Every structure is written in structure tokens, then in C-alpha cells.
Amino acid sequence: MNYETLIERDLDAIPAAAQAFLATHGAEALWVSVTRFAVLAFAPSQHAKRAVLACRAAFAVREELGVRWPDLIVACAQYAAASRQPWSEPPILEPPEPGVGDLAELRAAMAEGDLVRAERWLSARLSDAAGPLREVARGDAVLLLEAALALLPALGEKGRYALLRMPLWELVASPSVAEDVTDLESLLVRAEVGKGSPDAVQPLLVALAKQEGARSSGTFRQLDPYPLARDYAQTLLAHAFADRLMPEQAKRLLDVVHQNLAEGENFAAWSFA
């Protein structure tokens, strides 16, 4: 897909550009193109982070969406464009000169807020960074690491540094996030008490990102493409992670995020940097 409309944030022109690309390349190629843009445009801001997570989630729910999947990809493209922070030069894709590659070095870079040091650590550990990153990841860094590893097969080895840099940047930006070890049922109750607000649901999404494999199957609520900035793509993410809950819990999660989507605060006004 031509990135000009995305870079210029011409949201009205994106559907036509996507349809033209779709006609000659297909839906999965369109998704890869939009996802690549979201990764390249990544910044540790709430909307930019969620734009990447939305792309990862969009692929997970492609069978659920069926013929409407391209419309969801367009929504991801518009979200990534709206949340992109302007850049004057193309983003750096090549890793820097490797630094010290042990875990203590990563922790020190986080404690000092030293992004350059952290990136040099990643350069030294690029082939096996997932393990140490999992050890220190908390909060949104968990979601970004799960997304990076899930997207790696589609974006390829050339995208490894850009993908793993996302959770790394989050760790440097927010090094003191505490780990929430509450059980899933308690986190779900917290989400319900909070009426599905993003702050109330985020700890549950983080916990689900750590879950191995799927527990349930089936569609508990219909998902329609929607302006993703409205709720930081939370409803889409909840659909992508719902199969990691027991069926009754999955239904409760989807009910509460759909309620928030319909009645909660609209965050779209904050999507432009």
C-alpha cells in the first residue's frame, strides 16, 4: 500500500487507497503493509502503542470477521495514521553497534532511562532477546512483546529489530510498572466494576497476553469494524484474547468492553499527536 495517505494523515483517502491495493494484492498483503507502517510509526504513546496492538489483533480475528476483514484493516490503517508522530526522516531499521548483552545491562538501562544503552543491549541480544525481555516486561511492555513475537513471522527477520524495539522502548519509558499477579477472575471483576474502561481492562489484557494457548472457542459477541481510537482499540483486543478465557468469562469480558464502546468516554480526539 502506498504510505503517502498514511503519512499525510488523509483519513478520508485511506479507504480508496486500501481498496486499490486490495484489488491487486489481496487482504493479507494489505494487512502486512498496514502493520509494517504501524510498526515503523511506533512511539511509546498510548494511541501509537494500541495501533500496533490493533494490527496484531486484527489478524487474530480475521476468521471471525470473514468478508468484513478488509474493513477492519482499513480501520487499523486509519488508526495508525491518526496516531503517528511526525518524523522528518525515515525511521532507523538497522540495529546500532552492539553493547553489553547481559540482563544486568538491560536493567541498568531501564533504571537510568537510557534508550541508547537499551538499544545497544538489544543489538547484542537480537537473536534471543525474547527471554530476558519476558523476565522484565510489565504492563504494556507485555502486550507489545506478545505482539512483536506474533508479528515476526509476517514481517520477517528484517523487521526483528523494529519489532523488539517496541517493548524495549516501553520498558525504558515506564521502568517502574508493578507486576499485577491477581488471578484472572479477580481481574475480570475489576474490569466489570470499572464498566470496561481502558484503565480497568488493561491489567486483564496483560494477564491474557501471558497465557499459553487457547482455552475456549466460539463467537460470544459480534465484532464490527469501528473507529479504533474510540476506545484505544480495546474492543478489538478483547475479541483477540477472549479465547484465552473460559467461555463464560469470555462472554463477560466482551459484554463489558462492548458496553464501554457504546457508552464510555471517546478517546478519538486524542489520537492526533
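Everything below is about the structure shown above.
Computed from a prediction, not measured in an experiment: that's the story for all the values here. (Residues numbered from 1 in each chain as written. Predicted model: local features only at pLDDT ≥ 70, side-chain atom pairs only at ≥ 80, totals over all residues. Heavy atoms only, no water.)

Caption draft 1: Representation of unusual backbone geometry. Here Arg9, not a glycine, exhibits a phi torsion of approximately 55 degrees, which is positive. Note that Arg9 resides in the loop between helix 1 (4-7) and helix 2 (14-25). (Helix = DSSP H or I, 4+ residues; strand = E, 2+ residues; numbered from the N terminus.)

Caption draft 2: Local environment of the side chain of Gln202. Position of Gln202 among the secondary structure elements: in helix 13 (residues 198-209). A distance of 2.9 Å separates polar atoms of two side chains, one belonging to Gln202 and the other to Asp140. Ignoring anything within four residues of it in the chain, the contact list for Gln202 reads Arg50, Gly139 and Asp140. (Polar contact = N/O pair within 3.5 Å; in protein donor to acceptor, adjacent residues only side chain to side chain. Contact = heavy atoms within 4.5 Å.)

Caption draft 3: Looking closely at the environment of Arg125. Considering the arrangement of structural elements, one finds Arg125 in the loop between helix 8 (115-124) and helix 9 (130-136). Those residues in contact with Arg125 that sit more than four places away from it in its chain are Gly101, Asp102 and Pro132. Within the structure, the side chain of Arg125 is placed 2.9 Å from the side chain of Asp128, a separation counted as a polar contact.

Caption draft 4: Expanded view of the packing of helix 10 (residues 140-155) against helix 11 (residues 160-173). At their nearest, the axes of helix 10 and helix 11 sit 9 Å apart, and the two run at 180 degrees to each other. When the interaxial angle is binned, helix 10 and helix 11 end up roughly antiparallel. Between helix 10 and helix 11, the contacting residues are Asp140, Ala141, Leu144, Leu145, Ala148, Leu149, Leu151, Leu152 and Leu155 on the first element and Arg160, Leu163, Leu164, Met166, Pro167, Glu170 and Leu171 on the second. Looking at the contact of helix 10 with helix 11 residue by residue, the classes come out as 13 nonpolar, no polar and three charged. (Axes fitted to C-alpha atoms, helices over the stretch in contact; angles between N-to-C directions. Parallel < 35°, antiparallel > 145°, perpendicular 65-115°, else oblique. Nonpolar A, V, L, I, M, F, W, Y, C, P; charged D, E, K, R; others polar.)

Caption draft 5: Structural context of helix 10. Here helix 10 spans 21 Å end to end across 16 residues, near enough to the 22 Å set by a 1.5 Å rise per residue. At Leu149, helix 10 shows its maximal bend, which comes to roughly 25 degrees, and the proline Pro153 appears one to four places after that position. The buried count for helix 10 comes to 12 of 16 residues, which makes it a mostly enclosed element. Those residues of helix 10 that sit buried are Asp140, Ala141, Val142, Leu143, Leu144, Leu145, Glu146, Ala147, Ala148, Leu151, Leu152 and Leu155. Buried residues along helix 10 sit against helix 3 (27-40), helix 4 (46-60), helix 9, helix 11, helix 13 and helix 14 (234-241). (Expected span 1.5 Å × (residues − 1). Bend = angle between axes of the 7 residues up to and from the residue. Buried < 20%, exposed > 50% of the residue type's maximum accessible area, 1.4 Å probe, protein only.)

Caption draft 6: How the structure looks around the nonpolar core. By size, the foremost hydrophobic cluster in this structure holds 95 residues, and its most contacted members are Leu133, Leu228, Leu236 and Leu253. The residues contacting Leu228, other than those within four sequence positions of it, are Ala54, Ala75, Cys76, Tyr79, Ala233 and Leu236. (Core = buried A, V, L, I, M, F, W, Y, C linked by side-chain atoms within 4.5 Å.)

Caption draft 7: Structural context of the packing of aromatic side chains. According to the stated counting rule, one finds five aromatic pairs in the structure shown. The interplanar angle of 65 degrees and the centroid separation of 6.1 Å between the aromatic rings of Phe59 and Trp69 together place this pair among those described as edge-to-face. Of this pair, Phe59 sits in helix 4 while Trp69 is found in helix 6 (residues 69-83), placing the two residues 10 residues apart along the sequence. For Phe59, a relative accessible area of 22% gives the class partly exposed. Judged by relative accessible area, which is 7%, Trp69 ranks as buried. (Phe/Tyr/Trp six-rings, centres within 6.5 Å; stacked < 30°, edge-to-face > 60°.)

Caption draft 8: Representation of the environment of Gln46 within the structure. Its location among the elements puts Gln46 in helix 4. Along the primary structure Gln46 and Asp231 are separated by 185 residues, whereas in three dimensions their C-alpha atoms are 11 Å apart. In contact with Gln46, other than residues within four places in its own chain, are Asp140 and Tyr232.

The values reported here are purely geometric and, on their own, carry no functional implication.
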